[in-house]
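Now for the letters of each chain:
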Amino acid sequence: MTETTPDQTPDIKSTQLQEQSTAVLRETVPMNGLREFFSRAYSSVMSAAEQQHVQLAGPPFAMYRGMPTDVVDVEAGFPVAAPFPGGDDGGVTAGSLPAGRAFEAMHVGPYETLPETYGAIMAKMQAEGLTPSNAMWEYYLSDPAAEPDPATWKTLIIWPVA
């Protein structure tokens, strides 16, 4: 147990996802460059959505493809109420979060402890004889600028089954 991790394992739930349209910026980013990328991506997506008159339909998220190493294939943006039309929007493109079976867990604490929750989800999948998908995403439900205490940050992790 760490100071920022509760004495219990996260509540991991199986869920059936519906496809969700998104507007995103996708890049291959060094792990130590994620903070700058997220700041740029969220700002670019919000601006592009406003220019295209597309309504944001949920909290910011980041989808990771493949297991992160020193670099990560990541797209960051927002769910949108209608498909994003695209255009010359500084690299912002239409995307989607896929439909299908997934496991989800609420992570409470700093981003540095997210691997603990991912490990718990993977263990649950393996215990049920399931294979994790090559893509997973996180919804950032807390704004670090508004909530300066990382111990209170909430991140919803979604990991589809392959």
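Residues numbered from 1 in each chain as written. Predicted model: local features only at pLDDT ≥ 70, side-chain atom pairs only at ≥ 80, totals over all residues. Heavy atoms only, no water.

Visitor: Hey, could you run me through the sheet that holds strand β1 (residues 12-17) in this one?
Guide: Pairing between sheet strands relies on hydrogen bonds along the backbone, with the strands arranged either parallel or antiparallel. Pairing in this open sheet of 8 strands is antiparallel, and the strands run β1-β6-β8-β7-β3-β4-β2-β5 from one edge to the other. Lying at the two open borders of the sheet, with one neighbouring strand each, are β1 and β5 (93-97). Each adjacent strand pair in this sheet contributes to an overall mean axis angle of 35°, direction not counted. In this sheet, strand β7 (residues 135-140) lies alongside strand β3 (residues 61-65) in antiparallel orientation, the contact comprising 5 bridges. Paired with Ala 62 across the strands is Glu 138, a residue of β7. (Pairing = 2+ DSSP bridges. Helix = DSSP H or I, 4+ residues; strand = E, 2+ residues; numbered from the N terminus. Axes fitted to C-alpha atoms, helices over the stretch in contact; angles between N-to-C directions.)

Visitor: Just checking my understanding: could you explain the packing of aromatic side chains for this structure?
Guide: Each pair of aromatic rings is reported with the distance of its centres and the angle of its planes. Under the defined criterion, the tally for this structure stands at 8 aromatic pairs. Between Tyr 42 and Phe 78, the aromatic rings sit 5.6 Å apart at their centres with planes inclined by 65°, giving edge-to-face as the arrangement. Of this pair, Tyr 42 sits in helix α1 (residues 34-52) while Phe 78 sits in strand β4 (residues 71-79); the two residues are 36 residues apart in sequence, bridging distant segments of the chain. Residue Tyr 42 is classed as buried on the basis of its relative accessible area of 13%. Judged by centre distance (5.8 Å) and plane angle (75°), the rings of Tyr 111 and Tyr 140 are edge-to-face. Of this pair, Tyr 111 sits in the loop between β6 (100-108) and α2 (114-127) while Tyr 140 sits in strand β7, placing them 29 residues apart in sequence. Residue Tyr 140 is classed as buried on the basis of its relative accessible area of 9%. (Phe/Tyr/Trp six-rings, centres within 6.5 Å; stacked < 30°, edge-to-face > 60°. Buried < 20%, exposed > 50% of the residue type's maximum accessible area, 1.4 Å probe, protein only.)

Visitor: Is there a simple way to think about the nonpolar core in this case?
Guide: Core analysis: the largest hydrophobic core is formed by 33 residues, its most contacted members being Phe 37, Phe 38, Tyr 64, Val 74 and Ile 121. If one sorts the elements of this core by residue count, α1 sits on top with 8 residues. If sequence neighbours within four positions are ignored, Ile 121 has contacts with Ile 12, Phe 103, Ala 105, Ile 157 and Trp 159. Judged by nonpolar contacts, the second largest core, of 11 residues, contains Met 63, Leu 97, Ala 135 and Ile 158. (Core = buried A, V, L, I, M, F, W, Y, C linked by side-chain atoms within 4.5 Å. Contact = heavy atoms within 4.5 Å.)

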